[in-house]
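Analysis of the macromolecular model
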Amino acid sequence: MNEDFEEDNRIAYAGLTALAELIENVGSTLDPDEDNRPYFVAWGLVLSAP
């Protein structure tokens, strides 16, 4: 089994960068008076999916 970890890391880094930008932009529009835990739990589930 020959895995190219450098390529995997490059792809993962690009995805995490895009996700961080999305969370930063969307997170700024969340209402601080509401319970936003479901939003963050959903993103946690997305990130933990294989």
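Residues numbered from 1 in each chain as written. Predicted model: local features only at pLDDT ≥ 70, side-chain atom pairs only at ≥ 80, totals over all residues. Heavy atoms only, no water.

Focus on helix 2 (residues 37-48)
For clarity, the cut-off: Secondary structure counts use DSSP, requiring at least four H or I residues in a row for a helix and at least two E residues in a row for a strand, with both numbered from the N terminus. Every helix has an expected span of 1.5 Å times one less than the residues it contains. Burial here depends on accessible area, computed with a 1.4 Å probe over protein chains only, as a share of the maximum for the residue type. Under 20% is buried, over 50% is exposed, and the range in between is partly exposed.
With 12 residues, helix 2 extends 16 Å between its outermost C-alpha atoms, agreeing within 8% with the 16 Å of an ideal straight helix rising 1.5 Å per residue. By the criterion of burial, helix 2 is predominantly exposed, with just 1 of the 12 residues buried.

Description of the pattern of salt bridges
A side chain of one charge can pair with a side chain of the opposite charge if their charged atoms are brought near each other. Here is the rule we go by: For this analysis, a salt bridge means a side-chain nitrogen from Lys or Arg found within 4 Å of a carboxyl oxygen belonging to Asp or Glu.
Going through the model one piece at a time under the given rule, you end up with 1 salt bridge. Here Glu7 makes a salt bridge to Arg10, at a shortest N to O gap of 2.6 Å. Residue Glu7 and its partner Arg10 are located together in helix 1 (residues 5-27), separated by 3 residues, close to a single helical turn.

Thoughts on a negative patch on the surface
Convention followed: Each patch is built from residues lacking any salt bridge and having more than 30% relative accessible area; the joining distance is 9 Å for like charges and 5 Å for nonpolar side chains (Val, Leu, Ile, Met, Phe, Trp, Tyr). All accessibility values rest on the Shrake-Rupley procedure with a 1.4 Å probe; residue burial counts only the protein chains present in the view. Within this scheme the basic residues Lys and Arg register as positive and the acidic residues Asp and Glu register as negative, but His and the chain ends are omitted. To locate a charge, take NZ of a lysine, CZ of an arginine, CG of an aspartate or CD of a glutamate.
Residues Glu3, Asp4, Glu6 and Asp8 make up a contiguous surface patch of negative charge. As for its placement among the helices and strands, Glu3 is situated in the segment before helix 1. Glu3 gets classed as partly exposed once you look at its relative accessible area, which sits at 37%.

Function cannot be inferred from these measures alone, as they are strictly geometric.
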